[in-house]
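Summary of structural features
Residues per chain are reported as follows:
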Amino acid sequence: MSASVTFSTFKTASGHLFGHAALNNPSALNALTLPMIDLLDPQLKCWAEDRSIAGVVLSAAGEKSFCAGGDVVSLHHASKRVGAGNVPPEAEAFFEHEYRLDYRIHTYPKPILCWAHGIVMGGGVGLMVGASHRVVSPNARIAMPEIHIGLYPDVGGTWFLQRMPGRMGLFLALTGAIINAGDAKLGNWADAVIAHEQFSRVLTAIEKAQWHGQLKNDSAALSTLLKQFETQAPAPLLTTHADAIDSVVNHATLAEVDAALRQLQHHTDPWLTKAAQAYAHGSPTSAALAYELMKQNKNADLADVLRLEYQASVGCCSHPDFPEGVRALLVDKDKSPKWKPDRLNDVSVDAIADILKPGFKGVHPLHDLGKPINMPALPVSTDVIN
């Protein structure tokens, strides 16, 4: 069997090397598994410490997808094995290792070019957003669709979504709406739009360029290099529908946003209608959890966000909606999840607090990201539900 992540290096005109990591599970749309994470993270660490490496390219095999998200099907099966209300050790390991990888990419000491073509969702967005140079293809289909599986926008999503213009990030968090390459640039998820067919030419240009082995100079040089390959981005859907989105999410409570989103199902525009219908079909607990996390993480730094997201993700594994959502969408594929509860009004503040509480003994598993701190569960705000 071929490796699920492949690694290579290539020499440049200046004598420096570039590392190249490629996700290599195209039959599963390069969904990110724990073994893939455990290959990728130590190799990035090794390249970061190697003075001969000037930068890194992160790409994926196949024509359809960079990464369609995390391998939640494996987590579903693990949850079924340990029984309702319990957290499988595979889930604890997956979320800890994935968030460590995401944090490494965000804080990498060398330029990382993430080449994100085709489908980029969930955990794939987490890999892309943190890179210093993010390229998306013109036909990219990008989303944080976790509300459909009883989860929430993790991998730092509750941090980068709210840094989008206005409250567009909240709209995406609640609907899981698919956006395009223009939206990715608008939201600062991507830096350049380049056709996937240009990938080999971009690698050749990197190979022929002079590098310095210094982050500032090499980052500027890579930005300049990519500009010569850029193409026109599609018009951002979020800009086209900005007024409608604002009218839906610009409310003081989630209950008001919920009412506005349900009304949006009757809109004449198909993209808005689909987004609103997706929200109505999604997990009410996921909606409340995403809303609360975006509030709590409004002014937090990324390390603190990932620590709280770890608690939330592990908490979701012991809540019935996550395994049920994965079952309905990806295992049985009947697309008829039975959410518990099935109405936002019935999601209690105590239930959200229970998901967010620390589920570990001793120090936080991510205590060493950034500045180590103690991370108690914060009180859940009463306007999550009311």
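A few points on the structure.

Digging into the sheet that holds strand S2 (residues 17-23)
Taken in spatial order, the 6 strands make up an open sheet running S1-S2-S3-S5-S7-S9, and their pairing is mixed. Each edge of the open sheet is held by one strand with a lone partner, namely strand S1 (5-11) and strand S9 (192-193). Pairing analysis gives 7 bridges linking S1 to S2, with the strands arranged antiparallel. Within S2, the residue paired with Thr9 across the bridge is Gly19. Helix H9 (residues 215-227) rests against strand S3 (53-60), strand S5 (112-116) and strand S7 (133-136) of the sheet, and its axis sits at about 20° to S7.

Examining the environment of Trp211
Locating Trp211 in the fold gives a position in the loop between helix H8 (199-208) and H9. With a relative accessible area of 4%, Trp211 lands in the buried category. Linking Trp211 and Gly123, residues 88 residues apart in sequence, is a C-alpha distance of 31 Å. Beyond its immediate chain neighbours, meaning those up to four positions away, Trp211 contacts Thr12, Ser14, His16, Phe18, Ala54, Ile206, Asp218, Ala221, Leu222 and Leu225.

As for unusual backbone geometry
In the segment running from Lys340 into Pro341, the intervening peptide bond is cis, with an omega of -5°. A positive phi angle, close to 55°, is found at Leu29, a residue other than glycine. Assessed through its relative accessible area of 27%, Leu29 is described here as partly exposed. Although it is not a glycine, Lys335 sits at a positive phi angle of roughly 55°.

Reading guide: rules and limits
Residues numbered from 1 in each chain as written. Predicted model: local features only at pLDDT ≥ 70, side-chain atom pairs only at ≥ 80, totals over all residues. Heavy atoms only, no water. Pairing = 2+ DSSP bridges. Helix = DSSP H or I, 4+ residues; strand = E, 2+ residues; numbered from the N terminus. Contact = heavy atoms within 4.5 Å. Axes fitted to C-alpha atoms, helices over the stretch in contact; angles between N-to-C directions. Buried < 20%, exposed > 50% of the residue type's maximum accessible area, 1.4 Å probe, protein only.

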